[in-house]
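Structure at a glance
Listed below, chain by chain, are the residues.
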Amino acid sequence: MFQFLHKQYSLKKDYFMTAANGIAVLLGVFFLNGYIARQYGLEILGEFLLVRRTSFAIMGIILIGMNVGLPSLIGRYKNENIEWGAIIIYIMITLPIIGGIAYVINEGIVSGFNNKHSLAYALFLSGVSLQYLTYGLYRGHLKMAGANILHIVSTALIPIVTFLLVGELSISLLIIGISVILFNVVALYSHHASTSKKKIKWNSIRLILRFGLARLLSFISQFILLTGAPILVSFYNPYTDLAYFNSLISLVRLLLFVVGPLGVVLLPRIAKAIKENTESQITKGLESLLKIIILYSGLAAIFLSSIGGVILEVWLGSVSASGQWMASVLLLAIPFYLIVEIMRSPIDGFSLKGHNSIIYGAAALGLIVSFFLLVYSGVSELHAGIYSFLIGYIIAAIGSIMVIRKLTDIAFPGISYYLLTVISFVGLYAFNYLIDFMLFPVAVQSVLKLVVFLSISGIIMIRNKDDFQSVFQLSNEI
(Lines give C-alpha, C1' and ligand atoms only; values in the text may rest on other atoms or scores of the structure.)
Protein backbone atom coordinates (compact mmCIF):
# COMPACT_ATOMS: atom_id res chain seq x y z
CA MET A 1 0.00 0.00 0.00
CA PHE A 2 2.85 2.38 0.82
CA GLN A 3 5.31 1.14 -1.79
CA PHE A 4 5.66 4.61 -3.36
CA LEU A 5 7.25 5.81 -0.10
CA HIS A 6 10.19 3.43 -0.69
CA LYS A 7 10.61 3.90 -4.44
CA GLN A 8 13.79 5.47 -5.86
CA TYR A 9 13.64 8.11 -8.61
CA SER A 10 16.11 10.00 -10.82
CA LEU A 11 17.89 13.11 -9.50
CA LYS A 12 15.67 15.37 -11.63
CA LYS A 13 12.47 13.86 -10.24
CA ASP A 14 13.87 13.90 -6.72
CA TYR A 15 14.84 17.55 -7.13
CA PHE A 16 11.44 18.74 -8.37
CA MET A 17 9.67 16.60 -5.80
CA THR A 18 11.83 18.03 -3.01
CA ALA A 19 11.53 21.59 -4.37
CA ALA A 20 7.73 21.35 -4.49
CA ASN A 21 7.72 19.96 -0.98
CA GLY A 22 10.02 22.78 0.13
CA ILE A 23 7.65 25.38 -1.26
CA ALA A 24 4.72 23.75 0.51
CA VAL A 25 6.63 23.64 3.81
CA LEU A 26 7.72 27.25 3.37
CA LEU A 27 4.17 28.42 2.74
CA GLY A 28 2.99 26.41 5.73
CA VAL A 29 5.60 27.94 8.03
CA PHE A 30 4.83 31.44 6.75
CA PHE A 31 1.13 30.88 7.38
CA LEU A 32 1.82 29.51 10.85
CA ASN A 33 4.05 32.45 11.87
CA GLY A 34 1.54 34.98 10.57
CA TYR A 35 -1.34 33.21 12.31
CA ILE A 36 0.46 33.07 15.67
CA ALA A 37 1.47 36.74 15.43
CA ARG A 38 -2.06 37.92 14.63
CA GLN A 39 -3.93 35.51 16.89
CA TYR A 40 -1.70 35.33 19.98
CA GLY A 41 0.75 38.25 19.62
CA LEU A 42 4.43 38.81 18.85
CA GLU A 43 5.55 37.76 22.35
CA ILE A 44 4.21 34.21 21.83
CA LEU A 45 5.59 34.12 18.30
CA GLY A 46 8.98 35.29 19.55
CA GLU A 47 9.24 32.49 22.12
CA PHE A 48 7.97 29.87 19.68
CA LEU A 49 10.45 30.89 16.97
CA LEU A 50 13.33 30.97 19.47
CA VAL A 51 12.52 27.40 20.56
CA ARG A 52 11.88 26.19 17.02
CA ARG A 53 15.01 27.67 15.49
CA THR A 54 17.18 26.59 18.38
CA SER A 55 15.81 23.03 18.13
CA PHE A 56 16.45 22.82 14.39
CA ALA A 57 19.92 24.35 14.68
CA ILE A 58 21.08 22.05 17.49
CA MET A 59 20.24 18.85 15.59
CA GLY A 60 23.79 18.21 14.38
CA ILE A 61 25.03 18.27 17.98
CA ILE A 62 22.46 16.11 19.77
CA LEU A 63 22.28 13.61 16.88
CA ILE A 64 26.10 13.39 16.73
CA GLY A 65 25.91 14.36 13.06
CA MET A 66 23.51 11.60 12.01
CA ASN A 67 21.29 14.10 10.15
CA VAL A 68 24.24 14.60 7.78
CA GLY A 69 26.03 11.30 8.29
CA LEU A 70 23.21 8.91 7.39
CA PRO A 71 22.77 10.08 3.75
CA SER A 72 26.52 9.94 3.22
CA LEU A 73 27.36 6.73 5.09
CA ILE A 74 24.42 4.67 3.82
CA GLY A 75 25.55 5.40 0.26
CA ARG A 76 29.09 4.26 1.05
CA TYR A 77 28.43 1.26 3.31
CA LYS A 78 25.38 -0.55 2.00
CA ASN A 79 26.15 -3.74 3.90
CA GLU A 80 26.74 -2.25 7.35
CA ASN A 81 23.08 -1.71 8.35
CA ILE A 82 23.87 1.89 9.25
CA GLU A 83 20.29 2.73 10.25
CA TRP A 84 20.22 0.22 13.11
CA GLY A 85 23.38 1.70 14.55
CA ALA A 86 21.76 5.14 14.27
CA ILE A 87 18.75 4.04 16.32
CA ILE A 88 21.02 2.69 19.08
CA ILE A 89 22.94 5.98 19.18
CA TYR A 90 19.68 7.94 19.31
CA ILE A 91 18.46 5.98 22.33
CA MET A 92 21.77 5.85 24.19
CA ILE A 93 23.13 9.35 23.47
CA THR A 94 20.56 11.73 21.94
CA LEU A 95 17.73 11.20 24.43
CA PRO A 96 19.98 11.66 27.51
CA ILE A 97 21.36 14.88 25.97
CA ILE A 98 17.80 16.18 25.53
CA GLY A 99 17.11 15.33 29.16
CA GLY A 100 20.17 17.32 30.19
CA ILE A 101 19.06 20.32 28.12
CA ALA A 102 15.62 20.22 29.75
CA TYR A 103 17.22 20.15 33.20
CA VAL A 104 19.45 23.15 32.42
CA ILE A 105 16.47 25.18 31.17
CA ASN A 106 14.28 24.12 34.11
CA GLU A 107 16.94 25.33 36.56
CA GLY A 108 17.07 28.71 34.81
CA ILE A 109 20.76 28.34 33.96
CA VAL A 110 20.16 29.57 30.40
CA SER A 111 18.39 32.93 30.26
CA GLY A 112 16.09 33.78 27.37
CA PHE A 113 14.06 30.56 27.69
CA ASN A 114 10.99 30.09 29.90
CA ASN A 115 11.96 27.53 32.55
CA LYS A 116 8.27 26.75 33.20
CA HIS A 117 8.07 25.28 29.68
CA SER A 118 11.14 22.98 29.98
CA LEU A 119 9.12 19.75 29.63
CA ALA A 120 7.35 21.08 26.54
CA TYR A 121 10.72 22.12 25.07
CA ALA A 122 12.10 18.62 25.71
CA LEU A 123 9.23 16.80 23.99
CA PHE A 124 9.33 19.20 21.06
CA LEU A 125 13.10 18.68 20.73
CA SER A 126 12.65 14.89 20.94
CA GLY A 127 10.12 14.97 18.12
CA VAL A 128 12.29 17.16 15.91
CA SER A 129 15.39 15.02 16.51
CA LEU A 130 13.55 11.79 15.64
CA GLN A 131 12.19 13.53 12.53
CA TYR A 132 15.73 14.47 11.41
CA LEU A 133 16.95 10.93 12.09
CA THR A 134 14.18 9.33 10.05
CA TYR A 135 14.49 11.92 7.28
CA GLY A 136 18.24 11.24 7.00
CA LEU A 137 17.59 7.50 6.85
CA TYR A 138 15.09 7.85 4.01
CA ARG A 139 17.45 10.22 2.17
CA GLY A 140 20.32 7.77 2.50
CA HIS A 141 18.27 5.07 0.80
CA LEU A 142 17.16 7.60 -1.88
CA LYS A 143 13.53 7.25 -0.79
CA MET A 144 12.82 10.92 -1.46
CA ALA A 145 9.04 10.52 -1.75
CA GLY A 146 8.89 9.17 1.79
CA ALA A 147 11.45 11.72 3.02
CA ASN A 148 9.42 14.62 1.63
CA ILE A 149 6.20 13.38 3.22
CA LEU A 150 7.99 13.07 6.55
CA HIS A 151 9.28 16.61 6.17
CA ILE A 152 6.02 18.36 5.30
CA VAL A 153 3.90 16.49 7.85
CA SER A 154 6.35 16.94 10.74
CA THR A 155 7.48 20.49 9.96
CA ALA A 156 4.28 22.10 8.70
CA LEU A 157 1.05 20.12 8.94
CA ILE A 158 1.26 18.95 12.56
CA PRO A 159 2.29 22.39 13.95
CA ILE A 160 -0.38 24.20 11.90
CA VAL A 161 -3.20 21.90 13.01
CA THR A 162 -2.02 22.10 16.62
CA PHE A 163 -1.96 25.90 16.79
CA LEU A 164 -5.31 26.12 15.03
CA LEU A 165 -6.83 24.00 17.79
CA VAL A 166 -4.71 24.97 20.81
CA GLY A 167 -3.57 28.47 21.75
CA GLU A 168 -1.42 27.92 24.85
CA LEU A 169 2.25 27.68 23.80
CA SER A 170 3.50 25.00 26.20
CA ILE A 171 0.54 22.68 25.48
CA SER A 172 0.99 23.23 21.74
CA LEU A 173 4.69 22.29 21.96
CA LEU A 174 3.80 19.15 23.95
CA ILE A 175 1.22 18.05 21.38
CA ILE A 176 3.53 18.79 18.44
CA GLY A 177 6.37 16.83 20.03
CA ILE A 178 4.27 13.76 20.84
CA SER A 179 2.57 13.76 17.42
CA VAL A 180 5.86 14.05 15.51
CA ILE A 181 7.37 11.24 17.60
CA LEU A 182 4.47 8.88 16.87
CA PHE A 183 4.43 9.73 13.16
CA ASN A 184 8.15 9.11 12.73
CA VAL A 185 8.07 5.87 14.74
CA VAL A 186 5.52 4.59 12.22
CA ALA A 187 7.78 5.78 9.37
CA LEU A 188 10.77 3.95 10.86
CA TYR A 189 8.74 0.76 11.22
CA SER A 190 7.55 1.10 7.62
CA HIS A 191 11.12 1.40 6.38
CA HIS A 192 12.42 -1.55 8.37
CA ALA A 193 9.44 -3.67 7.36
CA SER A 194 10.46 -3.13 3.73
CA THR A 195 14.04 -4.35 4.28
CA SER A 196 15.35 -7.80 5.02
CA LYS A 197 18.55 -6.76 6.85
CA LYS A 198 17.72 -6.31 10.53
CA LYS A 199 20.92 -7.31 12.29
CA ILE A 200 22.72 -4.67 14.35
CA LYS A 201 26.40 -4.32 13.39
CA TRP A 202 28.60 -2.61 15.96
CA ASN A 203 30.88 -1.46 13.18
CA SER A 204 28.03 0.75 11.95
CA ILE A 205 27.92 2.50 15.34
CA ARG A 206 31.67 3.08 15.12
CA LEU A 207 31.36 4.53 11.60
CA ILE A 208 28.57 6.90 12.61
CA LEU A 209 30.33 8.12 15.74
CA ARG A 210 33.61 8.63 13.89
CA PHE A 211 31.82 10.63 11.19
CA GLY A 212 29.90 12.74 13.70
CA LEU A 213 32.70 13.37 16.20
CA ALA A 214 35.01 14.51 13.38
CA ARG A 215 32.41 17.16 12.57
CA LEU A 216 31.33 18.05 16.10
CA LEU A 217 33.00 21.46 15.93
CA SER A 218 31.17 22.02 12.64
CA PHE A 219 27.77 21.21 14.17
CA ILE A 220 28.40 23.42 17.20
CA SER A 221 29.51 26.23 14.90
CA GLN A 222 26.47 25.80 12.64
CA PHE A 223 24.29 26.07 15.73
CA ILE A 224 26.04 29.30 16.72
CA LEU A 225 25.77 30.68 13.18
CA LEU A 226 22.03 30.13 12.83
CA THR A 227 20.90 30.66 16.41
CA GLY A 228 23.76 32.34 18.27
CA ALA A 229 22.80 35.90 17.37
CA PRO A 230 19.08 35.53 18.32
CA ILE A 231 20.04 33.81 21.58
CA LEU A 232 22.52 36.58 22.43
CA VAL A 233 19.88 39.19 21.64
CA SER A 234 17.34 37.31 23.83
CA PHE A 235 19.52 38.07 26.87
CA TYR A 236 18.86 41.79 26.42
CA ASN A 237 15.68 42.25 24.35
CA PRO A 238 12.02 41.12 24.62
CA TYR A 239 10.45 38.32 22.58
CA THR A 240 8.89 40.95 20.28
CA ASP A 241 12.29 41.84 18.79
CA LEU A 242 13.09 38.13 18.55
CA ALA A 243 9.88 37.61 16.57
CA TYR A 244 11.14 40.04 13.93
CA PHE A 245 14.70 38.67 14.08
CA ASN A 246 13.72 35.02 13.62
CA SER A 247 11.03 35.86 11.05
CA LEU A 248 13.68 37.63 8.99
CA ILE A 249 15.94 34.58 9.26
CA SER A 250 13.02 32.64 7.76
CA LEU A 251 12.99 35.14 4.91
CA VAL A 252 16.72 34.63 4.46
CA ARG A 253 15.91 30.96 3.99
CA LEU A 254 13.27 31.90 1.41
CA LEU A 255 15.35 30.98 -1.63
CA LEU A 256 16.62 27.78 -0.01
CA PHE A 257 13.62 25.91 -1.46
CA VAL A 258 15.10 26.51 -4.94
CA VAL A 259 18.70 25.36 -4.39
CA GLY A 260 18.34 23.54 -1.07
CA PRO A 261 16.62 20.46 -2.53
CA LEU A 262 19.56 19.97 -4.88
CA GLY A 263 21.87 19.69 -1.89
CA VAL A 264 19.45 17.25 -0.27
CA VAL A 265 19.42 14.88 -3.25
CA LEU A 266 23.09 15.42 -4.19
CA LEU A 267 24.76 14.20 -0.98
CA PRO A 268 23.89 10.49 -1.24
CA ARG A 269 24.55 10.60 -5.02
CA ILE A 270 27.95 12.23 -4.54
CA ALA A 271 28.85 9.48 -2.08
CA LYS A 272 27.81 6.92 -4.69
CA ALA A 273 29.65 8.74 -7.51
CA ILE A 274 32.89 8.80 -5.51
CA LYS A 275 32.61 5.07 -4.91
CA GLU A 276 32.13 4.56 -8.67
CA ASN A 277 34.87 7.10 -9.62
CA THR A 278 32.44 9.29 -11.61
CA GLU A 279 32.59 12.46 -9.50
CA SER A 280 34.00 14.56 -12.37
CA GLN A 281 30.53 14.87 -13.89
CA ILE A 282 29.30 16.49 -10.68
CA THR A 283 32.10 19.07 -10.55
CA LYS A 284 31.06 20.88 -13.73
CA GLY A 285 27.46 21.10 -12.58
CA LEU A 286 28.52 22.49 -9.18
CA GLU A 287 30.62 25.15 -10.91
CA SER A 288 27.60 26.41 -12.84
CA LEU A 289 25.36 26.09 -9.80
CA LEU A 290 27.66 28.29 -7.72
CA LYS A 291 27.64 30.99 -10.40
CA ILE A 292 23.84 30.91 -10.53
CA ILE A 293 23.54 31.13 -6.74
CA ILE A 294 25.85 34.14 -6.40
CA LEU A 295 24.20 36.13 -9.18
CA TYR A 296 20.51 35.47 -8.60
CA SER A 297 20.53 35.31 -4.82
CA GLY A 298 22.43 38.60 -4.76
CA LEU A 299 19.71 40.22 -6.86
CA ALA A 300 17.04 38.67 -4.63
CA ALA A 301 18.79 40.00 -1.52
CA ILE A 302 18.85 43.56 -2.85
CA PHE A 303 15.19 43.35 -3.87
CA LEU A 304 13.93 41.79 -0.63
CA SER A 305 16.04 44.13 1.48
CA SER A 306 14.30 47.11 -0.13
CA ILE A 307 10.80 45.81 0.68
CA GLY A 308 11.56 43.80 3.84
CA GLY A 309 9.61 46.12 6.11
CA VAL A 310 6.55 45.85 3.88
CA ILE A 311 6.79 42.05 3.92
CA LEU A 312 6.95 41.98 7.73
CA GLU A 313 3.93 44.27 8.06
CA VAL A 314 1.82 42.23 5.65
CA TRP A 315 3.00 38.94 7.14
CA LEU A 316 2.88 39.61 10.87
CA GLY A 317 0.27 42.37 10.91
CA SER A 318 2.59 45.10 12.17
CA VAL A 319 6.20 46.24 12.03
CA SER A 320 8.22 48.58 14.22
CA ALA A 321 10.97 50.98 13.16
CA SER A 322 13.57 48.52 14.46
CA GLY A 323 11.90 45.73 12.48
CA GLN A 324 12.16 47.75 9.27
CA TRP A 325 15.83 48.43 9.90
CA MET A 326 16.53 44.78 10.69
CA ALA A 327 14.90 43.77 7.41
CA SER A 328 17.03 46.17 5.35
CA VAL A 329 20.27 44.73 6.76
CA LEU A 330 19.68 41.07 7.62
CA LEU A 331 18.16 40.12 4.25
CA LEU A 332 21.47 41.00 2.59
CA ALA A 333 22.76 37.73 4.09
CA ILE A 334 20.74 35.68 1.55
CA PRO A 335 23.53 34.94 -0.98
CA PHE A 336 26.07 34.07 1.72
CA TYR A 337 23.60 31.82 3.51
CA LEU A 338 22.71 29.98 0.29
CA ILE A 339 26.35 29.45 -0.67
CA VAL A 340 27.00 27.89 2.74
CA GLU A 341 23.91 25.66 2.61
CA ILE A 342 24.33 24.38 -0.95
CA MET A 343 28.08 23.75 -0.61
CA ARG A 344 27.78 21.93 2.73
CA SER A 345 26.50 18.68 1.21
CA PRO A 346 29.08 18.51 -1.61
CA ILE A 347 31.88 19.18 0.89
CA ASP A 348 30.62 16.32 3.09
CA GLY A 349 30.05 14.14 0.04
CA PHE A 350 33.51 14.67 -1.49
CA SER A 351 35.44 14.09 1.74
CA LEU A 352 34.98 12.23 5.00
CA LYS A 353 37.31 14.73 6.69
CA GLY A 354 35.82 17.51 8.81
CA HIS A 355 36.44 20.41 6.42
CA ASN A 356 33.16 22.01 7.43
CA SER A 357 34.39 22.12 11.02
CA ILE A 358 37.08 24.64 10.06
CA ILE A 359 34.67 26.71 7.96
CA TYR A 360 31.92 26.94 10.54
CA GLY A 361 34.35 27.24 13.44
CA ALA A 362 35.91 30.35 11.92
CA ALA A 363 32.49 31.78 11.07
CA ALA A 364 31.07 31.14 14.55
CA LEU A 365 34.12 32.69 16.16
CA GLY A 366 33.73 35.70 13.88
CA LEU A 367 30.07 36.04 14.86
CA ILE A 368 30.71 35.93 18.60
CA VAL A 369 33.77 38.19 18.53
CA SER A 370 32.08 40.75 16.27
CA PHE A 371 28.98 40.81 18.52
CA PHE A 372 30.90 41.63 21.69
CA LEU A 373 33.26 44.04 19.90
CA LEU A 374 30.28 45.95 18.51
CA VAL A 375 28.57 46.03 21.91
CA TYR A 376 31.83 47.19 23.53
CA SER A 377 32.03 49.93 20.88
CA GLY A 378 28.63 51.27 21.93
CA VAL A 379 26.41 49.55 19.33
CA SER A 380 23.09 48.32 20.75
CA GLU A 381 22.76 44.58 21.38
CA LEU A 382 20.03 44.26 18.75
CA HIS A 383 22.08 46.01 16.05
CA ALA A 384 25.17 44.05 17.05
CA GLY A 385 23.19 40.80 16.71
CA ILE A 386 22.10 41.67 13.17
CA TYR A 387 25.57 42.76 12.05
CA SER A 388 27.27 39.73 13.63
CA PHE A 389 24.80 37.35 11.92
CA LEU A 390 25.75 38.89 8.56
CA ILE A 391 29.49 38.80 9.32
CA GLY A 392 29.33 35.15 10.36
CA TYR A 393 27.75 34.03 7.10
CA ILE A 394 30.11 36.10 4.98
CA ILE A 395 33.05 34.30 6.59
CA ALA A 396 31.33 30.89 6.14
CA ALA A 397 30.54 31.55 2.46
CA ILE A 398 34.12 32.53 1.64
CA GLY A 399 35.41 29.46 3.48
CA SER A 400 32.97 27.13 1.67
CA ILE A 401 34.09 28.38 -1.75
CA MET A 402 37.77 27.95 -0.82
CA VAL A 403 37.24 24.37 0.43
CA ILE A 404 35.08 23.17 -2.48
CA ARG A 405 37.72 24.52 -4.86
CA LYS A 406 40.36 22.55 -2.95
CA LEU A 407 38.33 19.31 -3.11
CA THR A 408 37.32 19.59 -6.78
CA ASP A 409 38.48 21.08 -10.06
CA ILE A 410 35.92 23.90 -9.93
CA ALA A 411 37.29 26.96 -11.71
CA PHE A 412 36.60 30.57 -10.85
CA PRO A 413 34.48 32.40 -13.44
CA GLY A 414 35.99 34.84 -15.93
CA ILE A 415 36.05 38.64 -15.74
CA SER A 416 32.88 38.92 -17.84
CA TYR A 417 30.89 37.11 -15.14
CA TYR A 418 32.11 39.44 -12.39
CA LEU A 419 31.44 42.48 -14.57
CA LEU A 420 27.89 41.28 -15.27
CA THR A 421 27.31 40.63 -11.57
CA VAL A 422 28.49 44.09 -10.46
CA ILE A 423 26.49 45.89 -13.18
CA SER A 424 23.36 43.90 -12.28
CA PHE A 425 23.66 44.60 -8.55
CA VAL A 426 24.38 48.31 -8.99
CA GLY A 427 21.60 48.65 -11.56
CA LEU A 428 18.97 47.03 -9.34
CA TYR A 429 20.02 49.07 -6.31
CA ALA A 430 19.91 52.31 -8.35
CA PHE A 431 16.40 51.55 -9.66
CA ASN A 432 15.19 50.76 -6.13
CA TYR A 433 16.71 54.00 -4.86
CA LEU A 434 14.91 56.02 -7.52
CA ILE A 435 11.59 54.26 -6.91
CA ASP A 436 11.81 55.12 -3.19
CA PHE A 437 11.74 58.83 -4.12
CA MET A 438 8.65 58.49 -6.32
CA LEU A 439 5.43 59.78 -4.77
CA PHE A 440 3.64 56.45 -5.15
CA PRO A 441 1.90 54.36 -2.48
CA VAL A 442 4.11 51.73 -0.84
CA ALA A 443 2.26 48.92 -2.62
CA VAL A 444 2.91 50.50 -6.03
CA GLN A 445 6.58 51.01 -5.19
CA SER A 446 6.89 47.35 -4.20
CA VAL A 447 5.31 46.21 -7.48
CA LEU A 448 7.65 48.46 -9.50
CA LYS A 449 10.65 47.02 -7.66
CA LEU A 450 9.41 43.50 -8.38
CA VAL A 451 9.05 44.29 -12.08
CA VAL A 452 12.60 45.67 -12.23
CA PHE A 453 13.96 42.65 -10.33
CA LEU A 454 12.23 40.15 -12.62
CA SER A 455 13.28 42.07 -15.74
CA ILE A 456 16.96 42.14 -14.80
CA SER A 457 16.84 38.47 -13.75
CA GLY A 458 15.18 37.50 -17.04
CA ILE A 459 17.77 39.32 -19.13
CA ILE A 460 20.58 37.65 -17.23
CA MET A 461 18.97 34.22 -17.61
CA ILE A 462 18.93 34.64 -21.39
CA ARG A 463 22.62 35.59 -21.38
CA ASN A 464 23.61 32.66 -19.13
CA LYS A 465 21.75 29.74 -20.67
CA ASP A 466 24.89 27.57 -20.59
CA ASP A 467 25.02 27.54 -16.79
CA PHE A 468 21.42 26.35 -16.51
CA GLN A 469 22.01 23.72 -19.19
CA SER A 470 25.02 22.43 -17.26
CA VAL A 471 22.95 22.04 -14.07
CA PHE A 472 20.15 20.31 -15.99
CA GLN A 473 22.71 17.97 -17.59
CA LEU A 474 23.94 17.08 -14.12
CA SER A 475 20.41 16.09 -13.15
CA ASN A 476 20.18 13.78 -16.18
CA GLU A 477 23.54 12.08 -15.67
CA ILE A 478 23.32 10.96 -12.04
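This text follows the structure it describes.
Now for a look at the structure at hand.

Cut-offs and rules
- Residues numbered from 1 in each chain as written.
- Predicted model: local features only at pLDDT ≥ 70, side-chain atom pairs only at ≥ 80, totals over all residues.
- Heavy atoms only, no water.
- Helix = DSSP H or I, 4+ residues; strand = E, 2+ residues; numbered from the N terminus.
- Expected span 1.5 Å × (residues − 1).
- Buried < 20%, exposed > 50% of the residue type's maximum accessible area, 1.4 Å probe, protein only.
- Arc of directions from axis to C-beta.
- Salt bridge = Lys/Arg side-chain N within 4 Å of Asp/Glu carboxyl O.
- Contact = heavy atoms within 4.5 Å.
- Axes fitted to C-alpha atoms, helices over the stretch in contact; angles between N-to-C directions.
- Parallel < 35°, antiparallel > 145°, perpendicular 65-115°, else oblique.
- Left-handed = near helix turned anticlockwise from the far one by under 90°.
- Nonpolar A, V, L, I, M, F, W, Y, C, P; charged D, E, K, R; others polar.
- Phe/Tyr/Trp six-rings, centres within 6.5 Å; stacked < 30°, edge-to-face > 60°.

Once that is clear, we can look at helix H9 (residues 202-214). Between the first and last C-alpha of H9 there are 18 Å, a value that for 13 residues agrees with the 18 Å anticipated at 1.5 Å per step. Every buried residue of H9 is listed here: Ser204, Ile205, Leu207, Ile208, Phe211 and Gly212. Buried residues in H9, looked at end-on, bunch into an arc of 160 degrees, giving them a common side. Residues Trp202 and Leu213 are exposed on H9 and point more than 90 degrees away from its buried face.

Okay, the pattern of salt bridges next. By the definition in use, this model includes one salt bridge. Across the pair aspartate 436 and lysine 449 runs a salt bridge, and its minimum N-O distance is 2.6 Å. Separated by 13 residues along the polypeptide, aspartate 436 in helix H18 (residues 415-436) and lysine 449 in helix H19 (residues 442-463) bring together distant segments of the chain. Assessed through its relative accessible area of 42%, aspartate 436 is described here as partly exposed. Accessibility expressed as a relative area gives 3% for lysine 449, which makes it buried.

In this structure, phenylalanine 303 sits in helix H13 (residues 280-316). C-alpha of phenylalanine 303 to C-alpha of leucine 450: the two residues are 147 residues apart in sequence and 7.3 Å apart in space. Not counting chain neighbours up to four residues away, the residues in contact with phenylalanine 303 comprise Leu428, Asn432, Ser446, Lys449, Leu450 and Phe453.

The next subject is the packing of helix H2 (residues 42-57) against helix H10 (residues 216-234). One can describe the packing of H2 onto H10 by two numbers: an axis separation of 9 Å at closest approach and a directional angle of 150 degrees. Between H2 and H10, the crossing angle belongs to the class labelled roughly antiparallel. Here the hand of the crossing between H2 and H10 comes out left-handed. Seen from H2, the contacting residues are Leu50, Arg53, Thr54 and Ala57; seen from H10, they are Phe223, Leu226, Thr227, Ile231 and Ser234. In terms of residue class, the contact of H2 with H10 is made up of five nonpolar, three polar and one charged.

What follows deals with the packing of aromatic side chains. In the structure shown here, the tally under the stated rule is 15 aromatic pairs. Relative to tryptophan 315, the ring of phenylalanine 30 lies with its centre 4.3 Å away and its plane at 10 degrees, an arrangement referred to as stacked. In this pair, phenylalanine 30 is assigned in helix H1 (residues 11-40) and tryptophan 315 in helix H13, connecting sequence segments 285 residues apart. Both residues of the pair, phenylalanine 30 and tryptophan 315, belong to the buried class. Ring plane angle 5 degrees and centroid distance 4.9 Å describe the contact between phenylalanine 303 and phenylalanine 453, whose orientation is recorded as stacked. One end of the pair, phenylalanine 303, is in helix H13; the other, phenylalanine 453, is in helix H19, and 150 residues separate them in sequence. Accessibility expressed as a relative area gives 7% for phenylalanine 303, which makes it buried. Of the aromatic side chains, those joined through ring pairs into one cluster are Phe245, Tyr337, Phe389 and Tyr393.

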